[in-house]
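# Tertiary structure, described
Okay, here's what each chain looks like letter by letter:
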Amino acid sequence: MDRAYPPINNLLEQAACITGRSKEAAGEVEPTEGYKRRQIKELIEFANTNNLWIDLSHFNITYMDKGGENEVFHDGKSSVIKLNNFEYAGDDLENFFIRINAHNKFFSNVPYQMIGFSYNSRQEFSAVLIQPYILAEREATEDEIAEYMEALGFEMDYIDEFHNDQYEVFDAVPNNVLYGIDKDLYFIDTQIRVKK
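Nothing here was measured: the structure is a model prediction, and the numbers come from that model. Sequence order as written defines residue numbering, which begins from 1 separately in each chain. Side-chain atom pairs in this predicted model are given and counted only at pLDDT of 80 or more, local residue features only at pLDDT of at least 70, and totals for whole chains, interfaces and linings cover all residues. The basis for every side-chain value is the complete set of heavy atoms in the structure, and neither hydrogens nor water enter the calculation.

### A closer look at the packing of aromatic side chains
Only rings of Phe, Tyr and Trp enter the pairing, Trp through its six-membered ring, and a pair is recorded when the two centres are within 6.5 Å. The plane angle decides the type: under 30 degrees is stacked, over 60 is edge-to-face, the rest tilted. Scanning the model with the defined rule gives twelve aromatic pairs in all. Residues W53 and Y119 carry aromatic rings whose centres are separated by 5.5 Å and whose planes lie at 10 degrees to one another, so their mutual orientation is stacked. With a gap of 66 residues between them, W53 in the loop between α2 (33-49) and β1 (62-66) and Y119 in strand β4 (residues 113-119) connect regions that are remote in the sequence. Y119 sits in the partly exposed class, given a relative accessible area of 34%. Between F106 and Y167, the ring centres sit 5.6 Å apart and the planes meet at 80 degrees, which makes this aromatic pair edge-to-face. Residue F106 is located in helix α3 (residues 94-106), and its partner Y167 is located in strand β9 (residues 167-170); the two are separated by 61 residues in the primary sequence. It is R138 that lies over the ring of Y179; its NZ or CZ is 3.9 Å from the centre. In this description a helix means any DSSP run of H or I spanning at least four residues, a strand means any run of E spanning at least two, and both kinds are numbered starting from the N terminus. For every residue, the accessible area (1.4 Å probe, protein chains only) is compared with the maximum for its type, and the residue is labelled buried under 20%, exposed over 50%, or partly exposed between those bounds. By definition, being over a ring means that NZ of Lys or CZ of Arg is both within 6 Å of the ring centre and within 35 degrees of the ring normal.

This is how it looks when you write it as structure tokens:
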């Protein structure tokens, strides 16, 4: 992007708070699958009220890839921009905010910053996230990933799944974890959930 990203203090926490209030307001009135619809509606109102819409057409970015939940772009400099459609949050957007906060806690060398909201190419309401662009030597190996996760206090359940007393990290596969030119590992796109 040609300009600095807007500084938005605690946007992630504010949006998470809104989704939590929406869920509490729903109470027993609607089934669990209704939470997400109500949460998205309230986040759209929040974006409108606080002018938090990001129009990516105003920026010089390059499309990189698309997955189940993210459309990924590069600003040509130091950041990756992800339009996240909340697909992997299930029926409650709180899961998305829990995952992003846990990611930033455990993988602070490649943190997410939420800068606003937009619609993706399929016109799905999405969070706009930025993350540092990593200069990678290669993908991490399964052994390197396991060693890194164990150093963080996680135990391996499967080759790509780990847990500690609070969280489960999964989809920690080589194409989601990069071996940087600085010899550090960067977990750029794993999934995290609260341990059941």
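### Brief notes about α3
Between its first and last C-alpha atoms α3 spans 18 Å; for 13 residues at 1.5 Å apiece the expected length is 18 Å, and the two agree. Along α3, the residues classified as buried are F96, F97, R99, I100, A102, H103, N104 and F106. For a helix, the expected span equals 1.5 Å multiplied by the number of residues minus one.

### Structural notes on the environment of L185
The residue L185 is located in strand β11 (residues 185-187) in this model. Judged by its relative accessible area of 6%, L185 is buried. With sequence-adjacent residues up to four places away left out, L185 is seen in contact with N109, A140, E144, I145, Y148, V177, L178 and Y179. Contacts between residues were defined by any pair of non-hydrogen atoms, one from each residue, lying within 4.5 Å.

### Structural notes on the sheet that holds β1
Here, any two strands with at least 2 DSSP bridges between them count as paired. Taking strand neighbours across the sheet as the criterion, the five strands line up as β1-β2-β3-β5-β4 in an open arrangement whose pairing is antiparallel. This sheet does not close on itself; its edge strands, each paired only once, are β1 and β4. For this sheet the average axis-to-axis angle between neighbouring strands, irrespective of direction, equals 25 degrees. All axes are obtained by fitting lines to C-alpha atoms, using only the stretch in contact for helices, and the reported angles, taken between N-to-C directions, cover 0 to 180 degrees. Taken strand by strand, α3 contacts β3 (79-84), β4 and β5 (125-132), and its axis lies near 5 degrees from that of β5.

### Here we look at the confidence of the model for the chain
A residue's pLDDT is simply how confident the predictor is in it, with values from 0 to 100. On average, residues of the chain score 88 in pLDDT, and 87% of them reach the 70 mark or higher. Here residues 1-8 scores under 50 on pLDDT; set against residues more than four positions off or in separate chains, the count is 21 contacts.

### What about the pattern of salt bridges?
Between Lys or Arg on one side and Asp or Glu on the other, a salt bridge is scored when a side-chain nitrogen of the former is within 4 Å of a carboxyl oxygen of the latter. In total, this model carries five salt bridges according to the counting rule given. The salt bridge partner of E124 is R122, with a shortest N-O separation of 3.2 Å. A relative accessible area of 27% means that E124 is categorised as partly exposed. By relative accessible area, R122 is classed as partly exposed at 44%. Measuring nitrogen to oxygen at the nearest pair gives 2.9 Å for the salt bridge that ties K183 to E137. Highlighted residues: K183 in the loop between β10 (177-180) and β11 and E137 in strand β6 (residues 136-139), separated in sequence by 46 residues. On the basis of relative accessibility, which here comes to 51%, the residue K183 falls in the exposed class. Residue E137 is classed as partly exposed on the basis of its relative accessible area of 44%.

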